[in-house]
Amino acid sequence: MIPTLDGVHHLKLPVTDLNRSIDWYRTRLGYAVAVEFHEQGNLTGVVLSHPDGGPQLGLRLDPDRARAAAGFDYFAIGVPDKTAIEALAAHLTGLGEAHAGVHFATIGWILPLLHDPDGHEVRFYTTDQHTELGPGAPLVIDDAVATAKVREKDWQSRASVSRPTSNPEL
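Here's what I pulled together on the structure shown here. Everything numeric here is computed off the predicted structure, so don't read it as measured data. (Residues numbered from 1 in each chain as written. Predicted model: local features only at pLDDT ≥ 70, side-chain atom pairs only at ≥ 80, totals over all residues. Heavy atoms only, no water.)

**Considering the sheet that holds strand β6 (residues 103–104)**
At step 1: Spatially, β5-β8-β7-β6 is the arrangement adopted by the four strands of the open sheet, whose pairing is mixed. Single-partner strands in this sheet number two, and they are β5 (76–79) and β6.
At step 2: Alignment of β5 against strand β8 (residues 121–126), held across four bridges, turns out to be parallel. When the sheet's bridge partners are listed, V79 is paired in β8 with T126.
At step 3: Those strands touched by helix α1 (residues 18–29) are β7 (109–115) and β8, and its axis lies near 25° from that of β8. (Pairing = 2+ DSSP bridges. Helix = DSSP H or I, 4+ residues; strand = E, 2+ residues; numbered from the N terminus. Contact = heavy atoms within 4.5 Å. Axes fitted to C-alpha atoms, helices over the stretch in contact; angles between N-to-C directions.)

If you want it as structure tokens, here you go:
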């Protein structure tokens, strides 16, 4: 029997400087320390939680692994919709954080290329997907950027058909 799974319990990243990473996730994304882990009197890890939900995030002091993992996007954090992800992008820009902006992606809107102090890429996707996914017939993506551009054009044409215009003759 296959067990029941119930979401993501937490995400965990190695970091080179625990206090710097705590401050970054607090000021950029609103996380707060919920649990501290001490070994031999030293702070070696934390669990961060977000007041508005989202995944708990574990940060573990492990400089060698943090350096080795720099640049990789281990996870994507869900954002409710396009308006929310655009607001997040504006917030990050206002703090001077570099990122790639909000883009139409194959299964949602994406905000990629935000990097934490250790270089881990933190990505965001909207949870209101504009592409239907179903069991038994996986969506095959040969070239993510090209596929997203084609799907965006399809989505825009469907959206324009469903929006009434003020002058039907236009």
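Having put the structure on the table, let's press on.
**What about the pattern of salt bridges?**
At step 1: The tally for this structure, following the rule as stated, stands at nine salt bridges.
At step 2: Measuring nitrogen to oxygen at the nearest pair gives 2.3 Å for the salt bridge that ties R26 to D23. Of this pair, R26 and D23 both sit in helix α1, three residues apart, which is roughly one turn of that helix.
At step 3: Overall, the relative accessible area of 34% leaves D23 in the partly exposed class.
At step 4: Residues R60 and E39 are paired through a salt bridge, measuring 3.0 Å at the closest nitrogen-oxygen approach. Note that R60 is positioned in strand β4 (residues 56–61) and E39 in strand β2 (residues 32–39), a separation of 21 residues in sequence.
At step 5: Here R60 falls in the partly exposed class, since its relative accessible area comes to 30%.
At step 6: Note on E39: relative accessible area 41%, which makes it partly exposed.
At step 7: In this structure, a network of salt bridges that share partners links the residues D73, E121 and R123. (Salt bridge = Lys/Arg side-chain N within 4 Å of Asp/Glu carboxyl O. Buried < 20%, exposed > 50% of the residue type's maximum accessible area, 1.4 Å probe, protein only.)

**Let's talk about the environment of L18**
At step 1: The topology assignment puts L18 in helix α1.
At step 2: Measuring from C-alpha to C-alpha, the distance between L18 and V46 comes to 8.3 Å, with 28 residues separating the pair along the chain.
At step 3: Once residues within four sequence positions are removed from consideration, L18 is found in contact with L43, T44, G45, V46, L59 and L61.

**A short note on the sheet that holds β2**
At step 1: Reading across from one edge, β1-β4-β3-β2 is the order of the four strands in this open sheet, with mixed pairing throughout. Across the chains shown, the open sheet's two edge strands, defined by having one partner strand only, are β1 (10–15) and β2. Going across the sheet, the axis of each strand differs from the next one's by a mean of 20°, ignoring polarity.
At step 2: The pairing of β1 with β4 spans six bridges and is classified as parallel.

**Looking at the nonpolar core**
At step 1: Core analysis: the biggest nonpolar cluster contains 26 residues, and Y25, L29, L57, L59, V122 and F124 have the highest contact counts within it.
At step 2: When contributions to this core are tallied by element, the ones reaching two or more residues are β1, α1, β3 (42–49), β4, β5, α3 (82–94), β7 and β8.
At step 3: Take this core: its biggest share by element is five residues, from α1.
At step 4: The contact partners of Y25, leaving out residues within four places of it in the chain, are L13, G30, Y31, L48, L57, L59, D116 and V122. (Core = buried A, V, L, I, M, F, W, Y, C linked by side-chain atoms within 4.5 Å.)

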